[in-house]
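If you want the building blocks of each chain, they are given just below.
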Amino acid sequence: MTAYAAILVLSGVILNALAQLLLKMATNKVGVIEASSALSLGAMSALFLQWPMILGLFCYGFSLLIWLMALSRVDVTLAYPMLAIGYVINAFAAQYFLNEPVSLQRWVAIGVIVLGVALLARS
């Protein structure tokens with residue numbers, strides 16, 4: 001993988017992870033979303049008018065464009081597993097920004113994921 005392709009992959013992963021974090025922030029502001037309220041215009045407008053939701057959707061859109069650029073340069077069997085790096089980013093971010101607890105078992109599992117991604121990247 002070239003340096004440029006690696007930057008594209010990593011940028012796509014980071015933007016995707018940031019989008020997840022922002023969407024979680026938006027849902028935290030509006031509360032639990034039930035299936036019945038998910039179809040309600042009022043409930044959805046309350047959610048989609050939150051700045052984290054708007055920014056999160058922008059990050060998703062931008063990450064898609066970057067991801068397409070990455071996929072045009074890297075095998076999908078190498079690029080797609082790199083999305084697992086998002087687990088690591090989101091665990092740290094959720095703990096720091098959202099005060100979500102991350103247990104030792106979760107950290108160990110994330111460590112296994114990191115090991116797997118590192119092995120894959122070396123292939």
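Look above for the structure.
Cut-off values and rules
Residues numbered from 1 in each chain as written. Predicted model: local features only at pLDDT ≥ 70, side-chain atom pairs only at ≥ 80, totals over all residues. Heavy atoms only, no water. Helix = DSSP H or I, 4+ residues; strand = E, 2+ residues; numbered from the N terminus. Buried < 20%, exposed > 50% of the residue type's maximum accessible area, 1.4 Å probe, protein only. Contact = heavy atoms within 4.5 Å. Patch = residues over 30% accessible without salt bridge, like charges linked within 9 Å, V, L, I, M, F, W, Y side chains within 5 Å. Areas by Shrake-Rupley, 256 points an atom, 1.4 Å probe, with all protein chains shown as cover. Salt bridge = Lys/Arg side-chain N within 4 Å of Asp/Glu carboxyl O. Axes fitted to C-alpha atoms, helices over the stretch in contact; angles between N-to-C directions. Parallel < 35°, antiparallel > 145°, perpendicular 65-115°, else oblique. Left-handed = near helix turned anticlockwise from the far one by under 90°. Nonpolar A, V, L, I, M, F, W, Y, C, P; charged D, E, K, R; others polar. Expected span 1.5 Å × (residues − 1). Arc of directions from axis to C-beta. Phe/Tyr/Trp six-rings, centres within 6.5 Å; stacked < 30°, edge-to-face > 60°.

(A) Examining the side chain of Ser63 more closely. For Ser63, the location among the structural elements is in helix α4 (residues 51–71). Ser63 sits in the buried class, given a relative accessible area of 5%. Among residues more than four places away in sequence, those in contact with Ser63 are Gly12, Leu15 and Asn16.

(B) How the structure looks around a nonpolar patch on the surface. On the surface, Trp51, Leu55, Phe58, Phe62, Leu64, Leu65, Leu68, Leu71, Val76 and Tyr80 cluster together into a nonpolar patch covering about 1000 Å² of accessible area. With eight residues, the single largest contributor to the nonpolar patch is α4. In this fold, Leu55 is placed in helix α4.

(C) Layout of the packing of helix α1 (residues 3–30) against helix α6 (residues 85–97). In the contact formed by α1 and α6, the axes pass within 9 Å of each other and the chain directions differ by 40°. Relative to α6, α1 is oriented oblique. Seen from above, α1 lies across α6 with right-handed handedness. Here α1 contributes Val13, Ile14, Ala17, Gln20 and Leu21 to the contact with α6, which in turn contributes Ile85, Gly86, Ile89, Asn90, Ala93, Ala94 and Phe97.

(D) Spatial organisation of the packing of α1 against α4. In the contact formed by α1 and α4, the axes pass within 8 Å of each other and the chain directions differ by 160°. The orientation of α1 with respect to α4, classified from their angle, is roughly antiparallel. For α1 against α4, the interelement crossing comes out left-handed. Partitioned by chemical class, the residues of the contact of α1 with α4 number 22 nonpolar, six polar and one charged.

(E) Representation of α4. Between its terminal C-alpha atoms α4 stretches 30 Å, which fits the 30 Å expected from 21 residues at 1.5 Å a residue. Every buried residue of α4 is accounted for by Pro52, Met53, Gly56, Cys59, Ser63, Ile66, Trp67 and Ala70. What you see down the axis of α4 is that its buried residues fit within an arc of 145°, all on one side. Residues of α4 that are exposed and point more than 90 degrees away from the buried face comprise Phe58 and Leu65. Those residues of α4 that are buried are in contact with α1, α3 (41–48) and α5 (76–79).

(F) Representation of unusual backbone geometry. Positive phi, close to 55°, is recorded for Asn99, a residue that is not glycine. Relative to the helices and strands, Asn99 resides in the loop between α6 and α7 (104–121). Residue Asn99 is classed as exposed on the basis of its relative accessible area of 66%.

(G) Focus on the environment of Ala118. As for its position among the elements, Ala118 is in helix α7. Note: C-alpha distance between Ala118 and Ile85 (33 residues apart in sequence) is 9.9 Å.

(H) Main features of the packing of aromatic side chains. Under the defined criterion, the tally for this structure stands at three aromatic pairs. With centroids separated by 6.1 Å and ring planes inclined at 10°, the aromatic side chains of Phe58 and Phe62 adopt a geometry described as stacked. Of this pair, Phe58 and Phe62 both sit in helix α4, four residues apart, roughly one helical turn. For Phe58, a relative accessible area of 54% gives the class exposed. With 4.8 Å between their ring centres and 45° between their planes, Phe92 and Trp107 make a pair best called tilted. One end of the pair, Phe92, is in helix α6; the other, Trp107, is in helix α7, with 15 residues separating them in the sequence. For Trp107, a relative accessible area of 24% corresponds to the partly exposed category.

Read these as layout, nothing more, since geometry by itself doesn't imply function.
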